[in-house]
Number of protein chains: 2
Amino acid sequence: MKMSDVAKLANVSPATVSRVLSNPDLVSKETREKVMEVINKVNYKPHIVARQFRTKETKIILVVVPDITSAFFSRVLRGIEHVAVKNGYQVILGDTENDTDRELEYINLLLQKQADGMVLLTARQDKEKLEEIAEHFPMVLACEYMDGSNVPTVSIDNISSARKVTEHLIQQGHTKIAHITGPINVVLGRDRLRGFQQAMMSHDLEIDSAYIQEGDFTFESGYNQMLKLLALEAPPTAVFAFNDEMGMGAIKAVKDSNLLVPNDVAIVGFDNIKMASVIEPNLTTIDQPKYEIGKKAMELLLNLINGEALQKKRFVMKDELIVRESSELVKNMP
Amino acid sequence: MKMSDVAKLANVSPATVSRVLSNPDLVSKETREKVMEVINKVNYKPHIVARQFRTKETKIILVVVPDITSAFFSRVLRGIEHVAVKNGYQVILGDTENDTDRELEYINLLLQKQADGMVLLTARQDKEKLEEIAEHFPMVLACEYMDGSNVPTVSIDNISSARKVTEHLIQQGHTKIAHITGPINVVLGRDRLRGFQQAMMSHDLEIDSAYIQEGDFTFESGYNQMLKLLALEAPPTAVFAFNDEMGMGAIKAVKDSNLLVPNDVAIVGFDNIKMASVIEPNLTTIDQPKYEIGKKAMELLLNLINGEALQKKRFVMKDELIVRESSELVKNMP
DNA sequence: CTGAAAGCGCTTACAG
DNA sequence: CTGAAAGCGCTTACAG
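Because the structure is a prediction, the values reported are computed rather than measured.

Participant: Could you give an account of the relation of the copies chain B and chain A, naming the residues involved and the relevant values?
Facilitator: Rotating chain B by 180° and moving it 0.0 Å along the rotation axis overlays it on chain A with an RMSD of 0.1 Å. Interpreted geometrically, this transformation is the action of a two-fold axis. Comparing interface residues between copies, 100% of those in chain B also lie at the interface in chain A; the contact surface is shared.

Participant: Tell me what's going on with the protein's contact with DNA strand D, and back it up with residues and numbers.
Facilitator: Surrounding DNA strand D, one finds 26 residues, the nearest of these being A:Ser18, A:Arg54, B:Thr16, B:Arg19 and B:Thr31. A share of 62% of the atoms of DNA strand D within 4 Å of the protein falls on sugar and phosphate groups. Side-chain polar atom of A:Arg54 to a base oxygen of DNA strand D: 2.4 Å apart, as the coordinates give it. Measuring from a phosphate oxygen of DNA strand D, one finds a backbone N or O atom of B:Ser13 at 3.1 Å. Listed by contribution, the elements that provide at least two residues to the surface near DNA strand D are α2 (14-22) and α4 (48-55) of chain A together with α2 (14-22) and α4 (48-55) of chain B. Sorting elements by how many residues they give to the surface near DNA strand D places α4(A) first, with five residues. Here the residues of the surface near DNA strand D sort into 11 nonpolar, eight polar and seven charged.

Participant: I'd like a rundown of the UniProt feature "domain: HTH lacI-type" (unreviewed entry) in chain A, residues and numbers included.
Facilitator: Residues annotated by UniProt as "domain: HTH lacI-type" (unreviewed entry) correspond here to residues 1-55 of chain A. When the span residues 1-55 of chain A is considered, its composition is 71% helix and 0% strand, and the gap between its end C-alpha atoms is 21 Å.

Participant: Outline the domain arrangement of chain A, listing residues and values.
Facilitator: Domain parsing of chain A yields domain 1 (3-46), domain 2 (59-156 + 290-317) and domain 3 (158-288 + 321-332). Between domain 1 of chain A and domain 3 of chain A, the C-alpha centre-to-centre distance is 63 Å.

Participant: Provide a residue-level description of the environment of B:Phe270, including the pertinent values.
Facilitator: Residue and element names in this part refer to chain B. By the secondary structure assignment, Phe-270 is in the loop between β9 (266-268) and β10 (285-287). We classify Phe-270 as buried; its relative accessible area is 0%. Residues Phe-270 and Asn-158, 112 residues apart in the sequence, show an inter-C-alpha distance of 9.8 Å.

Participant: Can you tell me about the side chain of A:Gln288, naming the residues and giving the values?
Facilitator: Residues and elements named next belong to chain A. Note that Gln-288 resides in the loop between β10 (285-287) and α12 (290-305). With a relative accessible area of 4%, Gln-288 lands in the buried category. At 3.0 Å, the side chain of Gln-288 forms a polar contact with the side chain of Asp-271. Each residue touching Gln-288, except ones within four places of it in the same chain, is listed here: Phe-72, Ile-156, Arg-192, Phe-270, Asp-271 and Ile-293.

Participant: Summarise the interface of chain B and chain A; cite the residues concerned and give the values.
Facilitator: Residue-level contacts link 46 residues of chain B with 46 residues of chain A. Across the chain B/chain A interface, buried area totals approximately 4,400 Å², and carbon plus sulfur atoms make up 55% of it. Considering only the side of chain B, the residues that lose the most area to chain A are B:Val49, B:Arg78 and B:Gln90, jointly responsible for 12% of the buried surface there. Summed over the shared surface of chain B and chain A, the result is 10 salt bridges. A salt bridge links A:Glu245 to B:Lys274; its shortest N-O distance comes to 3.5 Å. Our count for the contact surface shared by chain B and chain A stands at 14 residue pairs in polar contact (both at pLDDT 80 or more). For the side of chain B that touches chain A, the secondary-structure elements that each account for two or more residues are α4, α5 (71-86), β2 (90-95), α6 (100-111), α10 (219-230) and α11 (244-256) of chain B. When grouped by side-chain class, the residues that make up the side of chain B that touches chain A number 19 nonpolar, 11 polar and 16 charged.

Participant: Could you give an account of the packing of α4(A) against α4(B), naming the residues involved and the relevant values?
Facilitator: Running from N to C, α4(A) and α4(B) point in directions that differ by 140°, and their axes come no closer than 9 Å. Considering their axes alone, α4(A) and α4(B) lie oblique with respect to each other. Crossing handedness for the pair α4(A) and α4(B): left-handed. Here α4(A) contributes A:Val49, A:Ala50, A:Gln52 and A:Phe53 to the contact with α4(B), which in turn contributes B:Val49, B:Ala50, B:Gln52 and B:Phe53. Class assignment of the residues belonging to the contact of α4(A) with α4(B) gives a composition of six nonpolar, two polar and no charged.

Parameters and conventions
- The numbering scheme is per chain: residues are counted from 1 as the chain's sequence reads.
- By the order in which they are written, chains take letters starting at A while ligands take numbers starting at 1.
- Residues qualify for local features only when their pLDDT is at least 70, as the model is predicted, and side-chain atom pairs are given and counted only at 80 or more; totals for whole chains, interfaces and linings, by contrast, use all residues.
- Here the side-chain values reflect all heavy atoms present in the structure, with hydrogen atoms and water set aside.
- A residue counts toward the fit only if its pLDDT is at least 70 in both copies, and the copies are then superposed by least squares on the C-alpha atoms of those residues.
- Two residues form a contact once any of their heavy atoms are found within 4.5 Å.
- Any residue with a non-hydrogen atom lying within 4 Å of a molecule or strand is treated as near it.
- Polar contacts, as counted here, are pairs of nitrogen or oxygen atoms within 3.5 Å of one another; within protein the pair requires one atom able to donate a hydrogen and one able to accept it, and residues that are adjacent in sequence qualify only if both atoms are side-chain atoms.
- The helix count covers DSSP runs of H or I at least four residues long, the strand count covers runs of E at least two residues long, and both are numbered beginning at the N terminus.
- Amino acid classes used here: Ala, Val, Leu, Ile, Met, Phe, Trp, Tyr, Cys and Pro are nonpolar; Asp, Glu, Lys and Arg are charged; the rest, including Gly, are polar.
- UniProt positions are given in the numbering used here, feature names are shortened, and annotations may be inferred rather than shown by experiment.
- An automatic or database domain assignment is the source of the domain bounds shown.
- Note on classification: 1.4 Å probe, protein chains only; a residue is buried when its accessible area is under 20% of the maximum for its type, exposed when over 50%, partly exposed between these limits.
- Throughout, buried area stands for the accessible area (probe radius 1.4 Å) lost by two parts on being put together, summed over both.
- The working definition used for a salt bridge is a side-chain nitrogen of Lys or Arg within 4 Å of a carboxyl oxygen of Asp or Glu.
- The axes used here are C-alpha line fits, helices contributing only the stretch in contact, and every angle between their N-to-C directions lies in the interval 0 to 180 degrees.
- Under this scheme an angle from 65 to 115 degrees is roughly perpendicular, one under 35 degrees roughly parallel, and one over 145 degrees roughly antiparallel; angles in between are oblique.
- Crossings are sorted by hand: turned counterclockwise from the far helix by less than a right angle, the near helix makes the crossing left-handed, and turned clockwise it makes it right-handed.

So this is what it looks like as structure tokens:
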């Protein structure tokens with residue numbers, strides 16, 4: 001059943017059926033009702049691909065996520081989705097599973113006009129290339145970013161947040177502080193490491209190179225790297241984990257080693273996912289305004305799609321240090 | 001830049017360019033190389049929407065998820081994705097946030113030919129309607145199903161699994177057993193409740209109606225309903241929660257009430273998400289073969305898309321009871 | 001307010 | 001192995 005069939009049944013031209021569907025005000029009430037009746041009777045659905053092909057619009061936003069499993073990204077997604085749906089766009093997700101090839105495949109969807117715009121929650125491509133694409137297609141980065149790129153970006157200031165959470169540990173009296181990093185080939189991994197180093201150095205604390213262990217975002221890697229740290233001759237008394245997942249893994253490793261958090265080892269995470277306040281002891285962490293990041297990113301993308309100029313390219317959202325049991329020695333001592 | 005422009009630059013017809021891209025074997029090596037050179041030089045990307053319009057194929061699979069946040073569904077998704085990608089399909093996700101209207105919107109994408117097929121991880125539509133659609137479009141249900149529908153479906157046997165986990169509690173000596181259900185308007189909520197009732201009745205145990213409390217899948221609802229149960233004059237000594245999320249909420253509620261799991265109240269969940277083995281005490285649960293469910297569902301969908309007949313419509317996957325600390329009294333007593 | 005007609009960018013059956 | 005031509009199902013500028 002196509003539009004011309006409907007037109008015949010309703011004794012009008014295809015153009016009129018099209019108008020009834022896309023621009024009903026242009027059609028007289030009488031005709032409109034006649035056409036709608038036929039449409040409903042035969043349950044006609046327009047072939048959207050044909051429409052997209054004709055109008056050059058898909059009304060689809062593609063969001064690329066490095067890991068759909070992650071509690072962190074799902075909150076960001078919600079922010080994106082809500083703004084998109086309110087503006088008549090549908091959101092589809094591409095999960096890369098941290099694979100840059102799959103990231104590239106999704107970016108190609110944009111180049112091939114299968115979406116009107118794209119939010120990248122992971123940006124591990126060549127910078128020049130991505131900038132080149134962003135010049136021609138609506139695209140915004142969120143959470144992850146590229147050093148000194150001019151692609152519109154929404155994120156927190158990861159360096160300063162990492163510094164803040166590390167300084168919290170220092171203020172608790174720790175001097176032997178380790179850091180379980182994210183993947184160092186990802187900018188976030190590097191930036192949080194940098195913040196950690198800045199805090200240590202500004203307090204004249206030494207960083208034992210064995211105290212820097214690289215993880216891969218997962219609970220398991222946090223667990224394993226923590227076991228490594230505990231096996232050192234002089235284990236740290238405090239650990240800053242790149243994210244809450246790894247922080248929780250680290251807590252589990254400490255417990256499994258018959259040690260106490262925070263008494264033997266204090267642990268802090270990053271992101272403030274829901275589980276951070278559920279696990280015991282509750283995890284000290286940096287709260288990222290996940291929903292707002294998504295919301296802001298989608299708003300910027302709408303601006304780009306509508307050809308509006310952006311006031312600025314880089315939006316730095318406010319983070320917050322949330323101190324909980326996993327790093328507060330005092331409260332836990334009777 | 002369109003195909004005819006490339007054709008001109010390469011001194012061939014558009015048809016030849018098209019063949020180079022979609023069916024290179026039909027073109028002589030010489031011509032092919034000449035064309036590829038131009039394509040690379042101008043970085044030509046075919047307009048995929050035009051191709052889709054022409055071929056009536058999108059090579060896209062739409063997966064509809066009730067809650068993208070859920071650790072359970074993300075594993076199912078992985079199974080779907082892996083099979084899809086291996087077969088040249090791209091997976092896009094639609095998150096309904098448990099809203100049946102949004103479910104319907106995504107289903108409309110299929111009707112409008114914006115995807116070649118669809119896996120529904122939530123099926124809360126009118127049965128006749130969904131069956132009607134499934135007759136004309138490739139569609140499979142996974143995890144959630146519809147009573148007595150003939151839409152291809154992959155899931156576990158929720159009734160028997162719920163019976164199994166309840167009987168485990170009975171075997172531990174419990175008689176006062178409560179059930180925090182899922183939403184009763186969802187088939188899974190009803191089926192697991194039924195399994196619970198079957199187990200209780202077949203052991204001649206009474207079900208106090210106050211022992212049935214309805215949750216909404218979330219940690220918070222598990223927490224709140226558990227507090228309600230604990231406030232009863234005669235609180236239960238064991239609780240079967242619809243899923244692990246709610247089970248973990250229930251554990252938290254018991255702890256916050258200064259009671260012990262499993263000594264004061266045993267708790268069991270359902271799904272075996274990763275966190276179930278991390279939380280303390282570890283949560284007894286039913287393992288669903290999440291990845292395999294997704295894999296199987298996608299395989300069935302490929303069959304449907306390729307017009308192959310299915311050997312059968314209903315696939316029941318194997319579940320497994322995983323007994324952990326949250327329900328095993330003995331091991332925890334010194 | 002409505003219709004006839006052109007055209008969006010591809011693919012493919014047909015002919016040579 | 002290659003090209004000319006038709007056509008996929010819509011939308012919209014134009015004319016009336």
